[in-house]
Amino acid sequence: STSTSTGGILILGQRQITYIEPSTTKVVPLPSCLLLTHTQLPGGYRYLLGDEFGNLHMLTLTTHNQKVTNLELDTLGSTPVISSSLQYFDHGRVWIGSQFGDSQWIQILQQINTESNSYLEIIEEFTNLGPIVDMDWVPTH
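Just so you know, these numbers come straight off a predicted model, no measurement behind them. (Residues numbered from 1 in each chain as written. Predicted model: local features only at pLDDT ≥ 70, side-chain atom pairs only at ≥ 80, totals over all residues. Heavy atoms only, no water.)

## Regarding the overall build of the chain
Then step 1. Of the regular secondary structure elements, the chain holds zero helices and 11 strands.
Then step 2. Its helices and strands taken in sequence order, the chain reads β-β-β-β-β-β-β-β-β-β-β from the N to the C terminus.
Then step 3. Here the C-alpha radius of gyration of the chain, 18 Å, is well above what a compact globule of 141 residues would show, namely 14 Å.
Then step 4. With respect to the principal axes defined by its C-alpha atoms, the chain has extents near 70 × 40 × 30 Å. (Helix = DSSP H or I, 4+ residues; strand = E, 2+ residues; numbered from the N terminus. Rg over C-alpha atoms; globule rule 2.2 N^0.38 Å.)

Right, here's the structure in full:
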């Protein structure tokens, strides 16, 4: 559910995102993808969503008088990793944790980078040491 006082439920499905509250229902279609991760951005009306292809999407709930009037889904760009976790920090910085690749610290840009056609900039990558599938105990005495 949303953390704002709108009183609605946000449902992330395979083909669409639906917002339901007692007096209204809003729907936005999804591109052909499976959403894997999400994090809420400050203010309560924006969500960052990560999909199975490494794309990051921004879901914005437009409101008027504490009522959701519209849902908007924008693709911000693509990362070379599939996210297992997303965490928004401040000033547009996001941690993308991954079980299958290197984790990343990224910046969401205010304007699109025309060279990469993306709103995302990788600040730093962290090498994935996993999965660790075997371990051996070595006595020291």
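Once you've had a look at it, read on.
## Side note on the pairing of strand β8 (residues 85-88)
Then step 1. The two faces of β8 differ: Leu86 and Tyr88 on one face are buried, but Ser85 and Gln87 on the other face are not.
Then step 2. Relative to strand β9 (residues 93-97), β8 runs antiparallel, the two sharing four bridges. Opposite Leu86, over in β9, you have Ile96 as the bridge partner.
Then step 3. The hairpin turn running from β8 into β9, its antiparallel successor, is four residues long, and His91 in that turn takes a positive phi close to 55°. (Buried < 20%, exposed > 50% of the residue type's maximum accessible area, 1.4 Å probe, protein only. Pairing = 2+ DSSP bridges.)

## Let's talk about a nonpolar patch on the surface
Then step 1. Residues Leu34, Leu36, Ile82 and Phe100 make up a contiguous nonpolar surface patch of about 380 Å² in total accessible area.
Then step 2. When you line up the elements, Leu36 lands in strand β4 (residues 35-40).
Then step 3. Look at Leu36 and you get partly exposed, because its relative accessible area is 41%. (Patch = residues over 30% accessible without salt bridge, like charges linked within 9 Å, V, L, I, M, F, W, Y side chains within 5 Å. Areas by Shrake-Rupley, 256 points an atom, 1.4 Å probe, with all protein chains shown as cover. Salt bridge = Lys/Arg side-chain N within 4 Å of Asp/Glu carboxyl O.)

## What to know about the sheet that holds strand β3 (residues 24-29)
Then step 1. Read from one edge of the open sheet, three strands run β1-β2-β3, paired in antiparallel fashion. Looking at strand neighbours, the two that pair on one side only are β1 (9-12) and β3, the edges of this open sheet. Averaged over all pairs of adjacent strands, the angle between their axes in this sheet comes to 15°, without regard to strand direction.
Then step 2. Sheet topology places β1 next to strand β2 (residues 16-21); four bridges connect them, and they run antiparallel. Among the inter-strand pairings, Leu10 is bridged to a residue of β2, identified as Tyr19. (Axes fitted to C-alpha atoms, helices over the stretch in contact; angles between N-to-C directions.)

## A short note on the pattern of salt bridges
Then step 1. What the rule picks out here adds up to two salt bridges.
Then step 2. Here Glu21 and Lys67 are joined by a salt bridge, their closest N and O atoms 3.8 Å apart. With Glu21 in strand β2 and Lys67 in strand β7 (residues 67-78), the pair connects residues that are 46 residues apart, well separated along the chain.
Then step 3. On the basis of relative accessibility, which here comes to 4%, the residue Glu21 falls in the buried class.
Then step 4. One salt bridge connects Asp90 with Arg93, and the closest N-O pair in it is separated by 3.4 Å.
Then step 5. Asp90 gets classed as partly exposed once you look at its relative accessible area, which sits at 41%.
Then step 6. Judged by its relative accessible area of 29%, Arg93 is partly exposed.

## Observations concerning the nonpolar core
Then step 1. With 15 residues, the main nonpolar core has Leu10, Ile17, Leu49, Leu59, Leu61, Leu71 and Leu73 as its most contacted residues.
Then step 2. Every element with two or more residues in this core is listed here: β2, β5 (46-51), β6 (55-64) and β7.
Then step 3. Ranked by residue count, the leading element in this core is β7, at three residues.
Then step 4. In this structure, Leu71 is in contact with Ile17, Tyr19, Lys26, Val27, Val28, Leu59, Thr60 and Leu61, ignoring residues within four places of it in sequence.
Then step 5. In terms of nonpolar packing, the next biggest core, distinct from the first, is built from 13 residues, Leu41, Leu76, Leu86 and Tyr88 among them. (Core = buried A, V, L, I, M, F, W, Y, C linked by side-chain atoms within 4.5 Å. Contact = heavy atoms within 4.5 Å.)

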